Amino acid sequence: MNEKLKNISALSLAALALMAVLAGCAKKESASGSSAAAPAENAGPVTIDLWYGAAVTEAGPPPADWKALQIIKDKLNIDLKLTALPSSENDQDVKINAAGAGNNLPDLFMVRRPVWLKLVQQGLVAPVDDLYAKMPVRSSKHYDAESRAFTSVDGVSYGLASPGSIIKNEGVLIRKDWLDRLGLSVPKTTDELMTVMKAFTFNDPDGNKKNDTYGYGAFIEIHEPEEGLGRRLDPIMGAFGVAGTWNMTKANAGLNVLKPEYFDGLSFVKQMCDEGVIDPNWTSYKKDDFRAAWKQGRFGIMREQNAAFAAKSNYAPFDENFPDGEWIVIDPPAGPNGASSVGVYMNSYRIYAVSQDAADAGKLDAIARLLEWMSSDEGYYLLGWGEKDVNFVLDAEGVPSKNGLADASKAFDQPDIVPITQLRNMVYYNSDIEIKARYPSYTTAKSGKQMSAGTVLRDMQSRQWTANNGADTLPLPSTDLKRFYEQGVLEFMNGKRAMTRDSWNAWIEEFKKMGGEKWNNDGVAFAKDNNLLY
């Protein structure tokens, strides 16, 4: 071979080597890029077994000819196999535990957190940290920092937690027309709140020349995470940093009733009682009584739920009685140390986990493609409401509606059509579209105001709240201890027990001896063992 041919041959070999390197880099980049890898054109479809939580458990599964299944196969190269989980949570747990015990978990499955944590500890669930970047659209809508923390163990995320029921759907409301009549500003602190409550009680804020109004209205509404005086007084307790039953922080975990600040919050409520600025019926009101009272103009500050306040049928009596009246949502008052909270909230996440077997089989990219498509416009509307112009139409605000369909029997909410939206809980995330569909705007009959419980909801959600995820799963007190707790705090309010430090400390010691200390210790231990503290 002459020298010229040798040089050409060497150059050719070098070029081929460079092309091989570049091809390898491109392949590597495709595998580790920021979005889910595209399906290989010549490869057969990837089978994904999905165990889902049905939106309507009494309805059947999606039909075999469901349009979404063909789209998923054609566009994503995925053969999706669907299995509905049982309607009972206990039965769901049994089914998934059995699959785990047999090392036969599906590729992707909905699972409750206690069962999920055990599967993680057994090494049966795959880490999903890498999936978030591969699903940019879905991650931005479904998986915020709280969501990822909820499914993280030792800093590694092992589950995809999507929003469940609506949270933070209550708020502190005040009669703005009363503030305006009395020349007062919106109260920002507990001291300012007391000043306004006194004015609402004693300065005839409605101008009817009668002594028939109060500053604050409430009723006793107790739930496991909101013991003591209940959620209607949580904006007051929140000002002292002790909203809710439990503190769920790593730094200060435990029962709030055992915190020194609880006495301070309770003392402020006692002052409200002594000053006569809280509706005296608050300890005897039931929910319906409370709601009838604010609609009759009895008090001017309250914590209320968005729809109970602003939904058309609920607001109508107030509108009829007070067409010039106006309630507005305000920030909860700040206490002496700057604490402020409407109350506690718990995200009811739906966790979907990926089995380690699915990860080992190389299915993670396909799962990312599937979930990202579900959050695309096509997947969101198709799984959420069905086919456009067949099962729903979009109104002027872009909200799915059944009004105007050519065939009303095919509307998304009809019994025969419901099966095609059984996976809607996998795409819903409490978006503005979903909120507007649930809470449409309307014009009030008497005053002509534009109202929307959805707009009120978004306002309430923007205020300061206290995260309490997992508090609803902690151990419960005994019946006797619960009764002692609830009756005890009320006895400090009605004067049967003196609201003094000595009296309070004596009651706390009795509370501990009755089982309160053990309840506290058991709760903190459970929270630590189940990775619930933040």
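Residues numbered from 1 in each chain as written. Predicted model: local features only at pLDDT ≥ 70, side-chain atom pairs only at ≥ 80, totals over all residues. Heavy atoms only, no water.

Participant: Report on the environment of Gly 244, specifying residues and quantitative values.
Facilitator: If you trace the backbone, Gly 244 turns up in the loop between α10 (234-238) and β9 (246-247). Judged by relative accessible area, Gly 244 falls into the buried class, the value being 5%. Each C-alpha atom of the pair Gly 244 and Pro 225 lies 5.7 Å from the other, and the pair is 19 residues apart in sequence. Beyond its immediate sequence surroundings of up to four residues, Gly 244 is in contact with Pro 225, Glu 226, Asp 234, Asn 256 and Val 344. (Helix = DSSP H or I, 4+ residues; strand = E, 2+ residues; numbered from the N terminus. Buried < 20%, exposed > 50% of the residue type's maximum accessible area, 1.4 Å probe, protein only. Contact = heavy atoms within 4.5 Å.)

Participant: How would you explain the sheet that holds strand β6 (residues 160-162) if you had to name every residue and give the values?
Facilitator: With respect to topology, five strands assemble into an open sheet ordered β2-β1-β3-β14-β6, the strand pairing being mixed. In the strand order of this sheet, the two ends are held by β2 (78-84) and β6, each with one partner. Taken pair by pair, the neighbouring strands of this sheet meet at an average axis angle of 20°, ignoring direction. Here strand β1 (residues 46-52) pairs with strand β3 (residues 108-111) via two bridges, running parallel. Along β3, the bridge assignment pairs Trp 51 with Phe 109. Its contacts with the sheet put helix α3 (residues 89-101) on β1, β2 and β3, and the angle it makes with β3 is roughly 135°. (Pairing = 2+ DSSP bridges. Axes fitted to C-alpha atoms, helices over the stretch in contact; angles between N-to-C directions.)

Participant: So, the layout of surface pockets: which residues are in play, and what are the values?
Facilitator: The calculated volume of the largest pocket comes to roughly 1,100 Å³. Considering only residue class, the lining of the largest pocket consists of 20 nonpolar, 15 polar and 10 charged. (1 Å grid on protein atoms, 1.4 Å probe; cavity = no way out; pocket = protein on both sides within 12 Å on 5 of 7 lines; lining within 4 Å. Points joined across faces, edges and corners; volume = space filled by probe spheres on them. Nonpolar A, V, L, I, M, F, W, Y, C, P; charged D, E, K, R; others polar.)

Participant: Residues and numbers for the nonpolar core, please.
Facilitator: With 65 residues, the main nonpolar core has Trp 116 and Met 374 as its most contacted residues. With 53 residues, the next largest nonpolar core counts Met 197, Val 344, Phe 492 and Ala 527 among its residues. (Core = buried A, V, L, I, M, F, W, Y, C linked by side-chain atoms within 4.5 Å.)

Participant: Which residues make up the sheet that holds strand β7 (residues 170-175), and what values go with them?
Facilitator: The sheet built from four strands is open, its strands ordered β8-β11-β7-β12 with mixed pairing. Here the strands that pair on one side only, and so sit at the sheet edges, are β8 (214-216) and β12 (327-330). If you compare each strand with its neighbour and ignore which way they point, the axes differ by 35° on average. Where β7 lies against strand β11 (residues 299-305), five bridges are found, and the strand directions are antiparallel. What sits directly across from Leu 173, in β11, is Met 302.

Participant: Can you explain helix α14 (residues 312-321)? Please cite residues and give values.
Facilitator: Looking at α14, one finds that the buried residues are Tyr 315, Phe 318 and Asp 319. Down the axis of α14, the buried set is contained in an arc of 105°. They therefore lie on one face. Against β7, α12 (287-295), α13 (306-310), β12, β17 (442-443) and β18 (450-451) lie the buried residues of α14. (Arc of directions from axis to C-beta.)

Participant: Explain the confidence of the model for the protein chain to me, and be specific about the residues and the numbers.
Facilitator: In this model, the protein chain carries an average pLDDT of 92, and 92% of its residues clear a pLDDT of 70 or more. Within the model, the stretch residues 1-35 combines pLDDT values under 50 with 10 contacts to residues more than four positions away or in other chains. (pLDDT = per-residue confidence, 0-100.)

Participant: Can you tell me about the pairing of β3, naming the residues and giving the values?
Facilitator: In β3, alternate side chains face the same way, and those of Leu 108 and Met 110 on one face and Phe 109 and Val 111 on the other are all buried. Sheet topology places β3 next to strand β14 (residues 350-354); four bridges connect them, and they run antiparallel. The residue bridging Leu 108 from the neighbouring strand is Val 354, located in β14.

Participant: Describe the side chain of Arg 303, listing the residues and the values that go with them.
Facilitator: Looking at where Arg 303 falls in the secondary structure, it is placed in strand β11. Only 2.7 Å separates the side chain of Arg 303 from the side chain of Glu 170, close enough to count as a polar contact. One polar contact links the side chain of Arg 303 to the main-chain carbonyl oxygen of Arg 231, over a distance of 3.5 Å. (Polar contact = N/O pair within 3.5 Å; in protein donor to acceptor, adjacent residues only side chain to side chain.)

Participant: Lay out the pairing of β14 in plain terms, naming residues and giving numbers.
Facilitator: Judged by how many residues are buried, β14 sits mostly within the fold: four of five residues are covered. Strand direction decides the pairing type here: β6 and β14, joined by three bridges, are antiparallel. Bridged to Ala 161 within β14 is Ile 351.

Participant: Explain empty space enclosed by the protein to me, and be specific about the residues and the numbers.
Facilitator: All chains considered together, the criterion is met by one cavity of 30 Å³ or more. The volume enclosed by the largest cavity comes to roughly 60 Å³. Forming the walls of the largest cavity are Glu 227, Gly 228, Leu 229, Gly 230, Leu 233, Asp 234, Met 237, Val 242, Gly 244 and Tyr 262. Residues of the lining of the largest cavity, tallied by class, amount to five nonpolar, three polar and two charged.

Participant: I'd like a description of the environment of Gly 230, backed by residues and values.
Facilitator: By secondary structure assignment, the location of Gly 230 is in the loop between β8 and α10. The spatial distance from the C-alpha of Gly 230 to the C-alpha of Ile 278 is 15 Å, given a sequence separation of 48 residues. The residues touching Gly 230, leaving out its near neighbours within four places in the chain, are Glu 221 and Ile 222.

Participant: Residues and numbers for the pattern of salt bridges, please.
Facilitator: Charged atoms that come close allow side chains of opposite charge to pair. Summed over the entire model, instances satisfying the criterion amount to 37 salt bridges. Where Glu 89 meets Arg 112, a salt bridge forms, and the shortest distance between an N and an O atom there is 3.7 Å. Taken together, the positions of Glu 89 in helix α3 and Arg 112 in the loop between β3 and α4 (113-121) put the pair 23 residues apart, joining distant regions of the chain. Under the relative-accessibility criterion, Glu 89 is labelled partly exposed at 48%. Where Arg 458 meets Asp 432, a salt bridge forms, and the shortest distance between an N and an O atom there is 2.9 Å. Placement of Arg 458 in helix α19 (residues 453-461) and of Asp 432 in helix α18 (residues 432-438) is noted, with a sequence separation of 26 residues between them. With a relative accessible area of 27%, Arg 458 lands in the partly exposed category. Ionic contacts of the salt-bridge type, sharing partners, join the residues Glu 170, Glu 221, Glu 226, Arg 231, Arg 232, Lys 287, Arg 291, Arg 303 and Glu 304 into one network. (Salt bridge = Lys/Arg side-chain N within 4 Å of Asp/Glu carboxyl O.)

Participant: Describe helix α17 (residues 377-385), and please don't skip the residues or the numbers.
Facilitator: What sets the pattern is the α-helix's 3.6 residues per turn: residues three or four places apart point alike. Among the nine residues that make up α17, seven are buried, leaving the element largely enclosed by the rest of the structure. Taken residue by residue, α17 has Gly 379, Tyr 380, Tyr 381, Leu 382, Leu 383, Gly 384 and Trp 385 as its buried positions. Gly 386, located one to two residues past α17, shows a positive phi value of around 105°.

Participant: Kindly report on the packing of aromatic side chains, identifying the contributing residues and their values.
Facilitator: Overall, the coordinates contain 31 aromatic pairs when judged by the stated rule. Their ring planes at 40° and their centres at 5.8 Å tell us that Tyr 381 and Trp 385 sit as a pair that is tilted. Taken together, the residues span about one helical turn, with Tyr 381 and Trp 385 both in helix α17 at a distance of four residues. Like Trp 385, Tyr 381 is buried. Three or more aromatic residues joined by ring pairs make a cluster, and in this case those are Trp 246, Tyr 262, Phe 263, Phe 484, Tyr 485, Phe 492, Trp 504, Trp 507, Phe 511 and Trp 519. The ring centre of Tyr 132 lies 4.0 Å from the NZ or CZ of Arg 148, which sits over that ring. In this arrangement the basic side chain of Arg 175 is found over the ring face of Phe 322, its NZ or CZ atom lying 5.1 Å from the centre. (Phe/Tyr/Trp six-rings, centres within 6.5 Å; stacked < 30°, edge-to-face > 60°. Lys NZ or Arg CZ within 6 Å of the ring centre and 35° of its normal.)

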